[in-house]
2 protein chains.
Amino acid sequence: MRIHHLTLLALLMSTTTLAGTPEPGVNSGRLTAHLQALAEYGKNPQGGVSRIAYSDADRAGREYVLGLMRNAGLTTSTDAAGNLVGTRTGTEPGLKPIVIGSHIDSVPEGGNYDGDVGSLAAIEIAQTLNERKIQLHHTLQVIVFVDEEGAMLGSIAMGHGVDAARLNSVSQSGKTVRDGVKFLGGDPDRIDPVRRNPHSIEAYLELHIEQGGVLEREHLPIGIVEGIVGILDCEVTIEGFANHAGTTPMNQRRDAMLAAARFTDALNRIITAKPGAQVGTVGWIRAQPGAYNVVPGKVVLGLEIRDLDAAKIEDLYAQIRKESEAIAKQTGTTFLLEAHAPSEPALTDSHLQLIIAKSAERLGLAAKLMPSGAGHDAQEMAALGPIGMIFIPSIGGISHSPKEFSRPSDIENGANVLFETLRNVDAPRRQQ
Amino acid sequence: MRIHHLTLLALLMSTTTLAGTPEPGVNSGRLTAHLQALAEYGKNPQGGVSRIAYSDADRAGREYVLGLMRNAGLTTSTDAAGNLVGTRTGTEPGLKPIVIGSHIDSVPEGGNYDGDVGSLAAIEIAQTLNERKIQLHHTLQVIVFVDEEGAMLGSIAMGHGVDAARLNSVSQSGKTVRDGVKFLGGDPDRIDPVRRNPHSIEAYLELHIEQGGVLEREHLPIGIVEGIVGILDCEVTIEGFANHAGTTPMNQRRDAMLAAARFTDALNRIITAKPGAQVGTVGWIRAQPGAYNVVPGKVVLGLEIRDLDAAKIEDLYAQIRKESEAIAKQTGTTFLLEAHAPSEPALTDSHLQLIIAKSAERLGLAAKLMPSGAGHDAQEMAALGPIGMIFIPSIGGISHSPKEFSRPSDIENGANVLFETLRNVDAPRRQQ
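Sequence order sets the numbering: in each chain, residues are counted from 1 along the sequence as written. Chains and ligands are labelled by the order in which they are written, letters from A for the one and numbers from 1 for the other. Local features in this predicted model are restricted to residues whose pLDDT is 70 or higher, and side-chain atom pairs enter the listing and the counts only when it is 80 or higher, whereas totals over whole chains, interfaces and linings include all residues. The side-chain figures draw on all heavy atoms in the structure; neither hydrogens nor water molecules are used.

## Quick word on unusual backbone geometry
All names here are of chain A. Heads up, the condition is: Think of it this way: any DSSP run of H or I at least four residues long counts as a helix, any run of E at least two long counts as a strand, and we number them from the N terminus.
In this structure, Pro289 follows Gln288 across a cis peptide bond, with omega equal to 0 degrees. The residue Pro289 is located in the loop between strand E9 (279–288) and strand E10 (294–295) in this model. For Met152, which is not a glycine, the phi torsion comes out positive at approximately 45 degrees. Mapped onto the fold, Met152 is located in the loop between strand E4 (140–145) and helix H5 (153–159).

## Observations concerning the interface of chain A and chain B
Put simply, the rule reads: Residue contacts are counted whenever heavy atoms from the two residues lie within 4.5 Å of one another. In short, buried area is how much 1.4 Å probe accessible area vanishes from two parts on joining, totalled over both. Note on definitions: salt bridges are taken to be side-chain nitrogens of Lys or Arg within 4 Å of carboxyl oxygens of Asp or Glu. Pairs of N or O atoms within 3.5 Å make up the polar contacts considered here, provided that, within protein, one atom can donate a hydrogen while the other can accept it, and that residues adjacent in sequence are counted only when both atoms are side-chain atoms.
Opposite the 63 residues of chain A that make contact, chain B presents 63 residues. Taking both partners together, chain A and chain B bury about 5,100 Å²; carbon and sulfur atoms supply 58% of that area. The largest per-residue losses of area from chain A upon contact with chain B belong to A:His244, A:Met250 and A:Tyr292, which jointly make up 16% of the total buried on that side. For the pair chain A and chain B, the number of links is two salt bridges. Note that A:Arg262 is salt-bridged to B:Asp265, the shortest N-O span being 2.8 Å. Linking chain A with chain B are 24 residue pairs in polar contact (both at pLDDT 80 or more). Those elements that place two or more of their residues in the side of chain A that touches chain B are strand E7 (230–239), strand E8 (243–244), helix H9 (256–272), E9, E10 and strand E11 (298–307) of chain A.

## Quick notes on the domain arrangement of chain A
Where we set the bar: An automatic or database domain assignment supplies the start and end points of every domain.
Assigned domains of chain A: these are domain 1 (2–228 + 346–426) and domain 2 (231–339). Between the C-alpha centres of domain 1 of chain A and domain 2 of chain A there is a distance of 35 Å.

## Considering the pattern of salt bridges
Residues and elements named next belong to chain A. Put simply, the rule is: Exposed residues in this analysis have more than 50% of their type's maximum accessible area, buried residues have under 20%, and partly exposed residues fall in between, with area computed by a 1.4 Å probe over protein chains only.
If you walk through the whole model with that rule in mind, you get 29 salt bridges over all chains. Two residues, Glu131 and Arg30, come together in a salt bridge whose shortest N-O distance is 2.4 Å. Taken together, the residues span a long stretch of sequence, with Glu131 in helix H4 (residues 116–131) and Arg30 in helix H2 (residues 28–38) at a distance of 101 residues. When its relative accessible area of 46% is taken as the criterion, Glu131 is described as partly exposed. With a relative accessible area of 16%, Arg30 lands in the buried category. Sharing partners across several salt bridges, the network here consists of Arg30, Glu124 and Glu131.

## Considerations on the relation of the copies chain A and chain B
Operational definition: The atoms used to superpose the copies are C-alpha atoms, taken from residues with pLDDT of at least 70 in both, and the fit is least squares.
Each copy superposes on the other: chain A lies on chain B with an RMSD of 0.1 Å after a rotation of 180 degrees and an axial shift of 0.0 Å. Taken together, the turn and the small shift mark the pair as related by a two-fold rotation axis. When C-alpha distances to the rotation axis are compared across chain A, the minimum falls at A:Ala261, with a value of 2.0 Å. Taken as a fraction of all interface residues of chain A, those also at the interface in chain B reach 100%, which identifies the copy contact as same-surface.

## What to know about the packing of aromatic side chains
Just so we agree on the cut-off: Geometry of aromatic contacts follows a simple scheme: Phe, Tyr and Trp rings, the Trp one being its six-membered ring, pair when their centres are within 6.5 Å, and the pair is stacked under 30 degrees between planes, edge-to-face over 60, tilted otherwise. Charge-over-ring placement is defined geometrically: NZ (Lys) or CZ (Arg) within 6 Å of the ring centre, and within 35 degrees of the ring normal.
In total, this model carries 10 aromatic pairs over all chains according to the counting rule given. Measuring from ring centre to ring centre gives 5.7 Å for A:Tyr113 and A:Phe405, while their planes differ by 90 degrees; the resulting arrangement is edge-to-face. With A:Tyr113 in the loop between strand E3 (98–103) and H4 and A:Phe405 in the loop between strand E15 (387–392) and helix H13 (408–426), this pair connects stretches of sequence that are 292 residues apart. One residue, A:Arg59, lies across the ring of A:Phe183, its end atom 3.8 Å from the ring centre. Just above the ring of B:Phe183 sits the side chain of B:Lys175; from NZ or CZ to the centre is 4.1 Å.

## Overview of the sheet that holds E9(A)
All names here are of chain A. Our working rule: The pairing criterion for strands is at least two bridges between them, as found by DSSP. Axis definition: a line fitted to C-alpha atoms, over the contacting stretch in the case of helices. Angles run 0 to 180 degrees between N-to-C directions.
Strand order in this open sheet of four strands is E9-E11-E7-E12, and the pairing throughout is antiparallel. Each of the sheet's edge strands pairs with one partner strand only, and the pair in question is E9 and strand E12 (334–339). The sheet shows a mean angle of 20 degrees between the axes of neighbouring strands, direction not considered. Bridge count for E9 against E11 is nine bridges, and the pairing is antiparallel. Looking at E11, one finds that Val282 is bridged to Leu303.

## Comments concerning the sheet that holds strand E9 (residues 279–288) of chain B
Residue and element names in this part refer to chain B. Across the sheet, four strands lie side by side as E9-E11-E7-E12; this open sheet has antiparallel pairing. Looking along the sheet, the strands with just one partner apiece sit at the ends: E9 and strand E12 (334–339). Between one strand axis and the next, the sheet turns by 20 degrees as a mean value, whatever way the strands run. As paired elements, strand E7 (residues 230–239) and strand E11 (residues 298–307) share 10 bridges and run antiparallel to each other.

## Thoughts on helix H10 (residues 310–331) of chain A
Think of an α-helix as 3.6 residues a turn; residues three or four steps apart then line up on the same face. Residues and elements named next belong to chain A. Going by this rule: Given the number of residues in a helix, its expected span is that number minus one, multiplied by 1.5 Å. The arc in question is formed by the directions pointing from the helix axis toward the C-beta atoms.
Relative to the 32 Å expected for 22 residues at 1.5 Å per residue, H10 spans 32 Å between its end C-alpha atoms, a close match to the ideal helical length. Along H10, the positions that sit buried rather than exposed are Ile313, Leu316, Tyr317, Ile320, Ser324, Ile327, Ala328 and Thr331. Each buried residue of H10 sits inside an arc of 120 degrees when the element is viewed along its axis, so together they form one side. In H10, the exposed positions that point more than 90 degrees away from the buried face belong to Ala311, Lys322, Glu325 and Lys329. Looking at the packing, one finds that the buried side of H10 touches E7, H9, E11 and E12. The opening residue of H10 is Asp309, an N-cap whose side-chain oxygen sits 2.9 Å from the backbone nitrogen of Ala311.

Take a look at the structure:
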């Protein structure tokens, strides 16, 4: 797959030229200032933010961003899923819209770049278009999606539709997704019409930090995403029996913590047993009742598996399920594995890859094709039309952490590649 | 050690008789009613109680118990550690006091018998003495100790003294122990004088549920405790690096959760590698930041090791420390093990064992010598004079659980053995 794309890209690179001349770039200082201002919402004492979807900080941050959208001359609305939508009408009403955007919610103790860069760069581009009175043929929509980090709710609502299970799930904020959407001004009972038809957009373009260390290691300012990995999330409930940690002999215990430990170690063993870029993680855990002197009777933990190949994810999941049965027997516990609906791997559009590559080249920026190990709203938007994604370096490959950082110059480069790509997608095509 | 005690007991049993005739028993119906009433304080919807030391429920439960003490004719006070002390003056002021008691705080999601039985049986005995106008030679003190399940604060304050680290530690209630003591009406700044002198008590006697399944399995109503295991508690902090669970390759992770899993499994392996009654537990765990899509950068967990032999505890702890260094290397993490001051194993007094045995025999109740796998306030009171402990069966061996249960008839038996033992300890000795 990857070779195929590289080959195609090289072929097209050699035969394609972009329309017009490159526009001067966006206002990088303003973009940096907006990122700094947004970083105040949910700021942690130790740095970074905890702007968890549906939290007070999320709501306040969204209000700030909505103001930026209005200042950028966009006509704004909040859809029933809670997505912020800013529209700039094009000159040719018959054309499908071009959508650009990202999200502003964070993981707990997250950073200031994941989602924020793509969201505020999209708004910055709208403001630049407005200031320079540049008319696009296509209607431009800037979307700041709701709850990317948890349920990926906003883009799923738009791309595939949201089911009741997702609405009823409890988010990291403590609220159900349903209550969270209401809290943000959406209407969960009218969420179905948020879903758009296939082939209803000209393109979806998203700028994002890489969240890995490849671009920095190779001294490349731009990554062209070839595909987004599929993700399987699974809540694992282990039931043993809570008993006194002093009076219960080792051979009479049904210790849910011991079972959880063996499960976590087994996952690591299964994931790393074969070559490949697959990853598997236990990211959270809760043990009950939770005291020095009580054998834990119940442990709940979160399992995640990712790969570009859906069949491989299924195979790894089957292996860890089987292993859990063996651990249950060893420890006198029971395992319940509840997998969420997996997100499918999503490949980006080869023509958009090409336009991004040419745009970067025109701006004098070296670029490479690469996979995305992280999920993105783009994968859901792929149901509606071609998607393209632009990566910029994450220093140290660090993400989902207060230490997450991307240089202002890299952000500027990314925003300008997005801007140039947008203008070229908008331009009448000379070759398809 | 155990054979020695059994031999001594058999020898003494054959040559010793108790003074006087047995007194009619306590008011069992009233004792049961008081236990039921106390169970309302901190009651959980799913049964049992969460009457965590220093919580609102603890404070309210203590108020209820203080009322029972006053109704029993005891002169009550709250000492600077927060212990409830009820005094009934004896006829011979020169004699040392006899102390009976236990605690009423519980673990999170605990039961209604651990501590409660011994506390309310002690008060019931005082009330019975009062109603029957029985004068004891010794002053009787009924003590309901503060915070047995967490810091064992009240009895440590009395037996060995409390240091600043223990006062500053954060209890399960969320309060520091210091603030918790204040909350309960104690005075942490004046806690030192709560400590009593060695040889200052005639005896400390405690009735308690077994919290294991031995008595029920062997159809025995009474256990005579030969010793209380030592306990080492240790907070283990594992530092890795929080990073994105999708973009961080497996071989570049510093996964604190994986390290915690291997540590927990290694502890189980070390504890069970050799024969013996030693136990080791990981009872609680917290992972940060705690989300599906973030490799945990920090995990903190609670380790506990128990045995009757202090040297064996030290050896097991040294083994797991060494193992943690190996796991740190494998996983790119660091381990910090912070052990609390260990509680030493405490043996009960052989003469008191004998009096308990004879008291049970006189009441027609079969009994056996046995160790206590659980820690008790008695172990701290051992610093002040001879201690004796009486066990009654725990159905199913279940404790520290809402399913904890002891039959009313067993509670009555235990209270009556305590009552008979108290009277015989109080009586002028015919042989020492």
